Amino acid sequence: MDLIALCLFSFLAGFVDSIVGGGGLIQLPALFLFLPAPLSASIATVFGTNKMASICGTAVATIQYSRRIRVNWDALLPAGVAALIFSFTGARAVALINGQSLKPVILGLLIAVAVYTYWKKDFGNLHAPKLNAQAEWWIGIA
């Protein structure tokens, strides 16, 4: 039964993520609830499982987006490399932290992001002016 529930929540998270983003707000708590106890006890395993699903969805979206819109790969590739380096660093840090002390922090952050997302409905509607190539490169890395 847990596997069916996890599949349903994963489908719902992917559906929501494809439309408005934020599918991780659905999938991460579902993983904590429905993964078998030995797996859900490891924060790094739960985050890794969630991130793998997120990477797959983002990769498909990136491919579809790049077919329709001109993408500035010169700015995107350094940002991707920086994201890879800091994702690895963050994963190593999470693996070193006691999972039981981190779970309340994760719950608080998920609630804060959900409340912010709910109240800030116009988030992303205002398009910022284009930056010059050098500024775009540095902001992408940041």
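Residues numbered from 1 in each chain as written. Predicted model: local features only at pLDDT ≥ 70, side-chain atom pairs only at ≥ 80, totals over all residues. Heavy atoms only, no water.

Concerning helix 5 (residues 73–96)
Each full turn of the α-helix corresponds to 3.6 residues, which orients residues three or four apart in the same direction. Counted only if it meets this: For helices the rule is a DSSP run of H or I covering at least 4 residues; for strands it is a run of E covering at least 2, with both sets numbered from the N terminus onward. Take the residue count of a helix, subtract one, and multiply by 1.5 Å to get its expected span. Burial classification: accessible surface area is computed with a 1.4 Å probe over protein chains only, and a residue below 20% of its type maximum counts as buried, one above 50% as exposed, and the rest as partly exposed. Every residue pair with non-hydrogen atoms within 4.5 Å of one another is taken to be in contact.
Spanning 24 residues, helix 5 covers 34 Å between terminal C-alpha atoms, matching the ideal 34 Å at 1.5 Å per step. Among the residues of helix 5, Ala75, Pro78, Ala79, Ala82 and Val94 are the ones counted as buried. The secondary structure elements touched by the buried residues of helix 5 are helix 4 (43–68), helix 6 (99–119) and helix 7 (133–141).

Looking at the confidence of the model for the chain
Heads up, the rule is: Confidence scores here are pLDDT values: one per residue, from the predictor, ranging 0 to 100.
Across the chain, the average pLDDT comes to 82, with 95% of residues at 70 or higher. Across the chain, the secondary-structure element scoring lowest on mean pLDDT is helix 7, at 76, and the one scoring highest is helix 2 (residues 24–34), at 86.

Remarks on the layout of surface pockets
Where we set the bar: Grid points spaced at 1 Å over the protein atoms alone were grouped into cavities, where a 1.4 Å probe fits but cannot get out, and pockets, open sets with protein on both sides within 12 Å along at least five of seven lines, with lining residues defined by an atom within 4 Å of a point. Grid points are joined across faces, edges and corners, and a volume is the space filled by probe spheres set on the points.
When its volume is computed, the largest pocket comes out at roughly 1400 Å³. Lining the largest pocket are 41 residues, with Asn50, Lys51, Ser54, Ile55 and Thr58 sitting closest to its centre. Secondary structure elements with two or more residues in the lining of the largest pocket: helix 1 (2–19), helix 2, helix 4 and helix 5. Among the elements that line the lining of the largest pocket, the one with the most residues is helix 5, at 14 residues.

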